[in-house]
Amino acid sequence: MISEFDLPVPFRSIRHLSKLLSRGEVTSTALTSMYLERLEKQGRSFNAVAQMLPEYALQAANDADRARNTGGDRSTLTGIPFGAKDLFAAVGTHTRWGSPAHDDVGWNFDAAAVAALKSAGAILAAKLAMVELAGGGSYSGAGASSTGPCLNPWNREHWAGGSSSGSGAAVAAGAVACALGSETWGSVTVPAAFCGVTGLRPTYGRISRYGAMALSWSMDKVGILARTADDCGILLSALAGADVRDPSCTGPSFNWVPGHFKAEDLRVGILAHDMTRTPEVEQSFMAAIDTLVLCGLHPVPAELNLTAPVDSVASFIIMAEGSAAHREFILSNKLTQLADSVQQAGLLAGLAITTSDYIRAQQIRTVAVNQLNQIWKDFDLLVAPTLLTEALPVDRPFVDNETPWGGNGGPGNLAGWPSISLPMGFGPNALPLGLELIAPPFAEEALLHVAHAYQLKTDWHLRLPLCV
Amino acid sequence: MDSGYSRDVFDAAIRPMLANSLSAELESLLQKSLQQLDGLLDTIHQFDVESVSEPALAFQATLRTGNATE
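Throughout what follows, the structure given in this document is the object of discussion. (Residues numbered from 1 in each chain as written. Chains lettered and ligands numbered in written order. Predicted model: local features only at pLDDT ≥ 70, side-chain atom pairs only at ≥ 80, totals over all residues. Heavy atoms only, no water.)

## Topic: the overall build of chain B
Applicable threshold: Helix and strand definitions here come from DSSP, where helices need a minimum of 4 consecutive H or I residues and strands a minimum of 2 consecutive E residues; each element is numbered from the N-terminal end. Under the scheme applied here, a residue whose accessible area is under 20% of the maximum for its type counts as buried, over 50% as exposed, and between as partly exposed, the area being computed with a 1.4 Å probe on protein chains only. Areas reported here follow the Shrake-Rupley algorithm with a probe of radius 1.4 Å; residue values treat only the protein chains shown as occluding.
Per the secondary structure count, chain B includes two helices and zero strands. Buried positions account for 34% of the 70 residues belonging to chain B. Element-wise, carbon and sulfur atoms account for 50% of the exposed surface of chain B, whose accessible area totals about 4200 Å².

Printed below as a string of structure tokens:
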């Protein structure tokens, strides 16, 4: 098995980098310079960068080094460079939401998530590429971004996933230690799976969305892309907590302490997926289940007993809320500056949704969430392949993809459940595959313990892309 | 849901507010999106929300969706 000590420094975990900083084996200035160089070279070559922040980052790194040297307040994140999806506002940056039609939305303040990481001592090194407007109107291909198609560090002919495309690609390329992303339906878990990194989608309401672009008020979540589940726990500890500026954010604070957990007490369900057309996924998934058994878990088959049309309701609500959020822009003559014309059409169509139909969808959602949550009477955790497909080719429309997409994004996002995607192997084209663990609302601790235990017994998350 | 319902709503309520007229390509894509929206509406209206085991749930529709508490 590969050890983290075998990896080049850019690919080490936050936990490891923090130890290097504490021991004085590296300075934050050196670390930040290294990541800035990699963002400029590798990050830009994958179209993963929206805006570099070298002056700010190097000044902040100097401050972090001084804090460490003088014994001032410091955390595990002090001096650790990170990237933020261009959906988040940040002081001194141009926030464009991935859109060629938005020169700068003019939010010259730190989004709550950016501020929380800065407050913990982390250093914002770059704003990262994303699908324009987080893909709210749906989109036809990888090119739906102001920065062009975000390329996959495992194979440049394939897409990095979206909408947190740059966050996934930059972490995979060792261009940042970690990144902020967001998910409404799949925007963290998909790039995590495609890029072979670890992606945490916390519970709806766990992390404040203040200063983040709204796509769907009732479904948007701030997410994390990092190298390990342990790193996700470190970051979630800095990010979680109520915020009066985001009425949805009522969640409690979070304190991640890796270590012993009672695996035998956790009831784990395997969500059924038809993998007959994707034997490589099935093989990797069954091996992952075997590893979970080695971790002391006893997964058994599980099934969501649903009559409500969950995926349709989720699509409808995102369409209605996304078009409402961006109504003035959609009606303006700037709409046609978006890169993807399918997205233009989808945003326009969403304006035709009437109030009574939207409320009906929310009524069905209440019933659907009630049905979905019944599963937690029998289980504490669910496990499934994140997706049934590898990263899609970058030069072909998504509709041309013949492999079933799979995924658990509709139920999980409609109900606001937390989930984490972990690397679990490789598909037929040697591209990463993801394992998804899903938990009840606010049960991130169990989720992270199991994910951490899985990564202690595997090295899929330590494999490096050949392109970098 | 009648086929063309979303198109009718769009033409009556939205199209007059557009800053520009749409290109032929965008108009064609819009018609497809409106048809897809009709499909979603069909699915939503076919689900009898009052017939579920706990019909009172249907009157609890809220933007805070059952996960804001531990």
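Moving on from the model shown.
## Digging into the side chain of A:Ser18
Residue and element names in this part refer to chain A. For clarity, the threshold we go by: For this analysis, residues touch if any pair of their heavy atoms sits within 4.5 Å.
Mapped onto the secondary structure, Ser18 falls in helix α1 (residues 14-22). For Ser18, a relative accessible area of 7% puts it in the buried group. Dropping the residues within four chain positions of it, Ser18 is found in contact with Arg68, Ser75, Thr76 and Ile80.

## A word on the pairing of strand β9 (residues 268-271) of chain A
Taken residue by residue, a regular strand's side chains alternate between the two faces of the sheet. Residues and elements named next belong to chain A. Applicable threshold: DSSP calls a pair of strands paired once it identifies at least 2 bridges connecting them.
Here β9 shows no split at all, with Val268 and Ile270 on one side and Gly269 and Leu271 on the other all buried. Across three bridges, β9 lies against strand β11 (residues 381-385) in parallel orientation. For Val268, the partnering residue across the bridge sits in β11 and is Leu381. The sheet contact formed by β9 and strand β10 (residues 300-302) spans three bridges and is parallel. Considered in β10, the bridge of Gly269 is made with Val300.

## Description of the packing of helix α11 (residues 341-350) of chain A against helix α2 (residues 24-46) of chain B
Note the threshold: Helix axes are fitted only over the stretch in contact, all axes being lines through C-alpha atoms; the angle between N-to-C directions runs from 0 to 180 degrees. Should an angle fall under 35 degrees it is taken as roughly parallel, and over 145 as roughly antiparallel, whereas 65 to 115 is taken as roughly perpendicular and any remaining angle as oblique. Helix crossings are classified by the rotation of the near helix relative to the far one: an anticlockwise turn of less than a right angle makes the crossing left-handed, while a clockwise turn makes it right-handed.
It is the contact of α11(A) with α2(B), at a shortest axis distance of 8 Å, that shows an interaxial angle of 55°. Comparing the axis directions of α11(A) and α2(B) gives the class oblique. In this structure, the crossing between α11(A) and α2(B) has a hand that is right-handed. For the pair α11(A) and α2(B), contact is made by A:Ser341, A:Val342, A:Gln344, A:Ala345, A:Gly346, A:Leu348 and A:Ala349 and by B:Glu25, B:Leu26, B:Leu29, B:Leu30, B:Ser33, B:Leu34 and B:Leu37, respectively.

## Remarks on the pattern of salt bridges
Here is the rule: Here a salt bridge means any side-chain nitrogen of Lys or Arg lying within 4 Å of a carboxyl oxygen belonging to Asp or Glu.
For the structure on display, the rule yields 16 salt bridges over all chains. Ionic pairing is found between A:Asp230 and A:Arg15, a salt bridge with its closest N-O pair at 2.7 Å. Taken as a pair, A:Asp230 in helix α7 (residues 229-239) and A:Arg15 in helix α1 lie far apart in primary sequence, 215 residues in all. Residue A:Asp230 is classed as buried on the basis of its relative accessible area, which comes to 8%. For the salt bridge of B:Asp11 with B:Arg15, the shortest nitrogen-to-oxygen distance reads 2.8 Å. By relative accessible area, which is 33% here, B:Asp11 ends up partly exposed.

Geometric descriptors of this kind do not, in isolation, establish any biological role.
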